[in-house]
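Residues per chain, in single letters:
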Amino acid sequence: MMCISNAKSSWRPCTTRRSPILKNYQNLLRIFYQNTADKLQMYWKVPPNKVEEAMDQIEKFIMTRLYKHVFCPETTDDEKKDLAVQKRIRALHWVTLQMLCVPVNEDIPEVSDMVVKAITDIIEMDSKRIPRDKLACITGCSKQIFNAIRITKNEPASADDFLPTLIYIVLKANPPRLQSNIQYITRFCNPSRLMTGEDGYYFTNLCCAIAFIEKLDAQSLNLSEEEFSRYMSGQASPKKHDSDIWDADTCPGVKQMHRNLDLLSQLSERQERIVTEAKKLEKDLIDWTDDVTREVQHIVEKYPLNIKSSTQALASIDSENVEDDRLPPPLQPQVYAG
């Protein structure tokens, strides 16, 4: 308990210089966690599982007292990032399971309950004070996601299935102060917990999900730029899934027929889009040809090609005009008397 008592006196927050103190807390905590864990293992020969339990209690003791001073401090831009992410998620409220290729069927009651629990866990993260407890909320949310995927696919979930589903859960939940919680965990959680184990794995995936949401565009969702812009501006919204518009006792054949009609409608829209783009390309080619022709004509007019003719006509060797011919006169036949 000596280390804890000393720590309590050393971690007394300062209200005048919060920015340097915040950084100082972060560095000192990492050194303190590492030294304490090393001493427990090397000097007192404490088993690894007991060391982990002791470190959890130490973290709880320290961070409970420091929480109000180091969580989302005024000297950082954490709050600004929170508002930006929250606004971004609100603008993406229209994103569906199908767009993200999420392998979860919410029509299954058990799966739907797991989705709700996952959303609840990620929202509850903001109510926790200790980094370990916040990580536990992320881990609980992730486990609910894995179970929902497993029940839907009737097989173990893969990492490729997990990340899109986590992105969907974050979009549905829109957790409060998301960036502040991420920064708080990164700054003050025991480093060994973040670098190893399932907590660190799930936390890394959450960071990846947030980064994806911040950079999400039309290509990410297999949409055209026009559709993406209309959805983001609220001018249009994606069509609802069959489960939202059909009753449970509706004939499967009718559902399939309407699905086929929707597919035909989508194909027709794509064909019209292709024809429009082809006509635009044809017009661009014609305009380009005309531009090149005009440019060439302009150059020819500006720099005309003058062909100079010879001042003297070329004399033919058989020509009767020998006025200017410098050749000697032809020989005349001589007649000799016999």
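Look up a bit, the structure's there.
This is a predicted model, so every value here is computed, not measured.

So, how was this worked out
Residues numbered from 1 in each chain as written. Predicted model: local features only at pLDDT ≥ 70, side-chain atom pairs only at ≥ 80, totals over all residues. Heavy atoms only, no water. Helix = DSSP H or I, 4+ residues; strand = E, 2+ residues; numbered from the N terminus. Buried < 20%, exposed > 50% of the residue type's maximum accessible area, 1.4 Å probe, protein only. Contact = heavy atoms within 4.5 Å. Expected span 1.5 Å × (residues − 1). Patch = residues over 30% accessible without salt bridge, like charges linked within 9 Å, V, L, I, M, F, W, Y side chains within 5 Å. Areas by Shrake-Rupley, 256 points an atom, 1.4 Å probe, with all protein chains shown as cover. Salt bridge = Lys/Arg side-chain N within 4 Å of Asp/Glu carboxyl O. Axes fitted to C-alpha atoms, helices over the stretch in contact; angles between N-to-C directions. Parallel < 35°, antiparallel > 145°, perpendicular 65-115°, else oblique. 1 Å grid on protein atoms, 1.4 Å probe; cavity = no way out; pocket = protein on both sides within 12 Å on 5 of 7 lines; lining within 4 Å. Points joined across faces, edges and corners; volume = space filled by probe spheres on them. Nonpolar A, V, L, I, M, F, W, Y, C, P; charged D, E, K, R; others polar. Core = buried A, V, L, I, M, F, W, Y, C linked by side-chain atoms within 4.5 Å. Phe/Tyr/Trp six-rings, centres within 6.5 Å; stacked < 30°, edge-to-face > 60°.

1. Re the overall build of the protein chain
From N to C terminus, the protein chain includes 14 helices and zero strands. Moving toward the C terminus, one meets the helices and strands of the protein chain in the order α-α-α-α-α-α-α-α-α-α-α-α-α-α. In the protein chain, buried positions account for 31% of the 338 residues.

2. Structural notes on the side chain of aspartate 161
In this fold, aspartate 161 is placed in helix α8 (residues 159-173). With residues up to four places along the chain from it excluded, the contact list for aspartate 161 reads Pro103, Ile149 and Lys153.

3. Points about helix α6 (residues 109-124)
Its 16 residues give α6 an end-to-end C-alpha distance of 23 Å, which sits within 8% of 22 Å, the value for a rise of 1.5 Å per residue. Where α6 is buried, its residues touch α7 (131-153), α8 and α11 (197-215).

4. Topic: a nonpolar patch on the surface
A cluster of nonpolar side chains, contributed by Met257, Leu261, Leu264 and Leu267, occupies part of the molecular surface with about 400 Å² of accessible area. Along the chain, leucine 267 falls in helix α14 (residues 252-302).

5. Some words on the packing of helix α3 (residues 48-70) against α7
In the contact formed by α3 and α7, the axes pass within 8 Å of each other and the chain directions differ by 105 degrees. Overall, the two elements α3 and α7 adopt an arrangement that is roughly perpendicular. Each of Asp56, Glu59, Lys60, Met63 and Tyr67 in α3 lies in contact with α7, whose residues at this interface are Pro131, Arg132 and Lys134.

6. Topic: the layout of surface pockets
The computed volume of the second largest pocket comes to approximately 330 Å³. Surrounding the second largest pocket, 16 residues form its lining, Glu52, Asn190, Ser192, Arg193 and Thr196 being those nearest its centre. Mapped by element, the contributors of at least two residues to the lining of the second largest pocket are α2 (18-42), α3, α10 (191-195) and α11. When the residues that make up the lining of the second largest pocket are grouped by side-chain class, the tally is five nonpolar, six polar and five charged.

7. Brief notes about the nonpolar core
The nonpolar side chains of a soluble globular protein tend to be buried with one another. Trp94, Ile138, Ile169 and Leu221 are the most contacted members of the largest nonpolar core, which has 50 residues in total. At the level of secondary structure, the elements contributing two or more residues to this core comprise α4 (78-91), α5 (97-100), α6, α7, α8, α9 (178-188), α11 and α12 (225-233). Excluding anything up to four places from it in sequence, isoleucine 169 contacts Val115, Ala118, Ile119, Ile122, Cys141 and Ile145. Leu22, Leu40, Met63 and Tyr67 belong to the second-largest nonpolar core, a separate cluster that totals 18 residues.

8. A word on the packing of aromatic side chains
For any pair of aromatic rings, geometry is given as the distance between the ring centres together with the angle between the planes. Per the stated rule, a full pass over the model turns up 11 aromatic pairs. Ring geometry for tryptophan 94 against tyrosine 231: centres 5.0 Å apart, planes inclined by 50 degrees, an arrangement best described as tilted. Separated by 137 residues along the polypeptide, tryptophan 94 in the loop between α4 and α5 and tyrosine 231 in helix α12 bring together distant segments of the chain. Its relative accessible area of 5% is what places tryptophan 94 among the buried residues. For tyrosine 231, a relative accessible area of 14% corresponds to the buried category. Taken together, a centroid distance of 5.8 Å and an interplanar angle of 55 degrees make the contact between tyrosine 184 and phenylalanine 188 tilted. Of this pair, tyrosine 184 and phenylalanine 188 both sit in helix α9, four residues apart, which is roughly one turn of the helix. Relative accessible area serves as the criterion here: at 1%, phenylalanine 188 is assigned to the buried category.

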